[in-house]
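# Commentary on secondary and tertiary structure
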Amino acid sequence: MSGGVAVHTPADEAELAEMLRAASGPLDIIGGGTRIAVGGGAALSTAALTGITEYDPGALTMTARAGTPLDEIEARLATEGQRLAFEPMDARALLGTGAAPRPGGTGAPTVGGMVAANASGPRRIQAGACRDALLGVRFIDGQGTIIRNGGRVMKNVTGYDLVRLLAGSMGTLGALSEVTLKLAPRPEAQTTLALRGLEDVRAVAALAAGLSSPWEVSGAAHWPGQGTFLRIEGFAQAVERRAGLLADWLAPFGTAEVIDDATESAALWCDIRDVAPFAGRGGDVWRVSVKPSDGPEAASRARVSPEDVLYDWGGGLVWMLFPEGTDLRARLGDLPGHATLMRAAPDTIARLGRQQPEPPAIAALSAGLRQQFDPRGIFAAPGASGRG
């Protein structure tokens with residue numbers, strides 16, 4: 001027991017499957033307990049399912065059990081000059097779950113939680129999302145059946161759509177026990193160009209111009225009051241040349257400042273990735289996904305203060321901070337996109353729901369998938385919650 005919540009910690013995949021087969025009520029699958037909370041069921045922790053089971057640097061692939069801390073994964077990859085290209089977010093500071101993880105969680109983000117949340121950072125615009133790097137999974141469905149899907153190489157597409165389906169499913173279709181990921185080489189250098197003083201519409205236009213250039217931008221974000229930032233990565237000489245060409249390309253938007261100190265540049269993108277401007281501040285946090293050119297319109301409709309908004313993915317991902325209880329979806333109206341309530345009080349979550357309500361056709365498809373994988377309703381329904 002932890003904080004009045006029952007916690008079950010299976011020792012291995014077989015025991016996890018047995019617990020799911022024996023379950024008679026809802027279970028909350030917990031990895032590190034650092035992402036958005038679910039609640040309502042007993043905690044089933046993957047904390048004991050740890051370890052890198054296979055790593056082939058030459059093939060750029062790694063297999064690890066779901067409870068393996070991301071820090072362990074990234075440290076191992078660093079020894080071989082490799083990384084996870086999609087730059088997964090660390091939500092601990094934003095959600096306040098580092099020192100006080102959910103019951104059953106270890107307090108460290110896990111590879112299983114990353115996949116379940118499809119956690120993808122600024123580099124998604126170039127390298128794709130977490131699901132695009134997911135080659136294979138092992139998971140247990142709501143009836144306790146162990147399912148293996150996908151493989152260890154990209155060309156092995158057996159069940160590939162199902163592999164992608166598990167990424168971002170938020171634990172509603174099954175409990176992940178093992179994942180196989182495609183890796184990427186770590187670049188030799190990175191440089192960030194900063195444009196200062198642009199208002200939101202002009203800033204997003206500058207990001208679009210940078211992303212449409214031939215200079216391979218790997219990060220495009222606007223932080224009101226701080227700057228409009230575009231990142232370039234690769235071999236040192238090439239990065240220097242491409243940065244200069246990109247600065248010329250962006251000249252209509254102003255003179256670009258070059259941040260060529262790798263440590264300073266990396267720290268900036270970690271802050272953007274982890275939404276550092278909102279960490280430790282009170283209020284509700286919303287994550288809005290829209291067409292990039294609609295990002296400023298979303299902020300305008302939301303009537304959000306400049307210091308309470310952050311644009312990533314060229315304007316397509318908009319983070320907003322509001323006073324508690326604000327119904328952002330009502331303010332956005334018919335603007336196409338998705339608004340996810342990432343951090344709020346339980347009563348606000350109960351009233352508004354975490355996830356964007358699905359259109360009827362999509363809702364029917366989602367319900368059919370949950371019925372197929374979890375006919376007994378062991379895993380939490382996704383409407384008002386998410387997990388990681």
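You'll find the structure just up there.
The notes below deal with the structure included here. The structure presented is a predicted model; accordingly, all values stated were derived computationally and were not measured.

Rules behind the numbers
Residues numbered from 1 in each chain as written. Predicted model: local features only at pLDDT ≥ 70, side-chain atom pairs only at ≥ 80, totals over all residues. Heavy atoms only, no water. Helix = DSSP H or I, 4+ residues; strand = E, 2+ residues; numbered from the N terminus. Rg over C-alpha atoms; globule rule 2.2 N^0.38 Å. Buried < 20%, exposed > 50% of the residue type's maximum accessible area, 1.4 Å probe, protein only. Contact = heavy atoms within 4.5 Å. Areas by Shrake-Rupley, 256 points an atom, 1.4 Å probe, with all protein chains shown as cover. Lys, Arg positive; Asp, Glu negative; His and termini not counted. Charge placed at Lys NZ, Arg CZ, Asp CG, Glu CD. Salt bridge = Lys/Arg side-chain N within 4 Å of Asp/Glu carboxyl O. Pairing = 2+ DSSP bridges. Patch = residues over 30% accessible without salt bridge, like charges linked within 9 Å, V, L, I, M, F, W, Y side chains within 5 Å. Polar contact = N/O pair within 3.5 Å; in protein donor to acceptor, adjacent residues only side chain to side chain. Core = buried A, V, L, I, M, F, W, Y, C linked by side-chain atoms within 4.5 Å. Phe/Tyr/Trp six-rings, centres within 6.5 Å; stacked < 30°, edge-to-face > 60°. Lys NZ or Arg CZ within 6 Å of the ring centre and 35° of its normal. Expected span 1.5 Å × (residues − 1).

## Details of the overall build of the chain
Within the chain, the secondary structure is distributed over 13 helices and 18 strands. On C-alpha atoms alone, the chain measures out to a radius of gyration of 21 Å, which is about the 21 Å that the 2.2 N^0.38 rule sets for 388 residues. Taken along its principal axes, the extent of the C-alpha atoms in the chain is 65 × 50 × 40 Å. The buried share of the chain, taken over its 388 residues, is 53%. Expressed as a percentage of contacts within the chain between residues at least 6 apart in sequence, the contacts between residues at least 24 apart total 73%. Summed over its atoms, the accessible surface of the chain is roughly 16000 Å², and 53% of this surface lies on carbon and sulfur atoms. Seen as two clouds, the 36 positive and the 42 negative side-chain charges of the chain have centres 4 Å apart.

## Some details on the pattern of salt bridges
As enumerated under the stated definition, the model contains 15 salt bridges in all. In this structure, R76 engages E80 in a salt bridge whose closest nitrogen and oxygen atoms are separated by 3.9 Å. As a salt-bridge pair, R123 and E87 come within 3.6 Å of each other at their nearest N and O atoms. You can see R123 sitting in the loop between α4 (111-117) and α5 (124-127) and its partner E87 sitting in the loop between β6 (82-83) and α3 (92-95), a full 36 residues away along the chain. Given a relative accessible area of 10%, E87 falls into the buried group.

## Examining the sheet that holds strand β2 (residues 27-30)
Strands belonging to one sheet form pairs held by backbone hydrogen bonds; the direction of such a pair is parallel or antiparallel. Spatial strand order, β1-β3-β2: three strands in an open sheet with parallel pairing. Strands with a single pairing partner mark the edges of an open sheet, and in this sheet they are β1 (7-8) and β2. The sheet contact formed by β2 and strand β3 (residues 42-45) spans four bridges and is parallel. From the neighbouring strand, I29 faces β3, where its bridge partner is L44.

## A short note on the environment of T9
Assignment of secondary structure puts T9 in the loop between β1 and α1 (13-22). Sequence-wise, T9 and L211 are 202 residues apart; in three dimensions their C-alpha atoms are separated by 45 Å. Setting aside chain neighbours within four positions, we find T9 in contact with E15, M19, S45, A47 and A48.

## Describing a negative patch on the surface
Residues E240, D260, D261 and E264 make up a contiguous surface patch of negative charge. Within the secondary structure, D260 is located in the loop between β14 (257-259) and α9 (262-273). Accessibility expressed as a relative area gives 59% for D260, which makes it exposed.

## Brief notes about the environment of Q356
Along the chain, Q356 turns up in the loop between α12 (346-352) and α13 (360-373). Sequence separation of Q356 and D274 is 82 residues, and the distance between their C-alpha atoms is 21 Å. Contact partners of Q356, with chain neighbours within four places excluded, come to R329, G337, H338 and A339. There is a polar contact of 3.4 Å between the side chain of Q356 and the side chain of R329. Within the structure, Q356 has its side chain in polar contact with the backbone nitrogen of A339 (distance 2.8 Å).

## A look at the nonpolar core
Counting 30 residues, the largest nonpolar core has L84, M114, V115, L134, F139, L176 and V179 as the members making the most contacts within it. With four residues, the single largest contributor to this core is α4. If you look at the next biggest cluster of nonpolar residues, it comprises 23 residues, including M170, F229, V285 and L321.

## With respect to the packing of aromatic side chains
If you walk through the whole model with that rule in mind, you get one aromatic pair. When the ring of F139 is compared with that of F373, the centres are 6.1 Å apart and the planes differ by 50°; the resulting orientation is tilted. With F139 in strand β7 (residues 134-140) and F373 in helix α13, the pair connects residues that are 234 residues apart, well separated along the chain. Comparing F139 with F373 shows no difference in burial state: the two are buried. The side chain of R231 reaches across the aromatic face of W269, ending 4.8 Å from its centre.

## A look at helix α7 (residues 200-211)
Spanning twelve residues, α7 covers 16 Å between terminal C-alpha atoms, matching the ideal 16 Å at 1.5 Å per step. Every buried residue of α7 is accounted for by A203, V204, A206, L207, A209 and G210. Of the surrounding secondary structure, the elements contacted by the buried residues of α7 are β11 (189-195), β12 (217-223), β13 (227-234), α8 (236-249), α10 (295-302) and β16 (309-312). Measuring from the backbone nitrogen of V201 back to the side-chain oxygen at the start of α7 gives 3.0 Å, which picks out E199 as the cap.

Read these as spatial facts, not as claims about activity.
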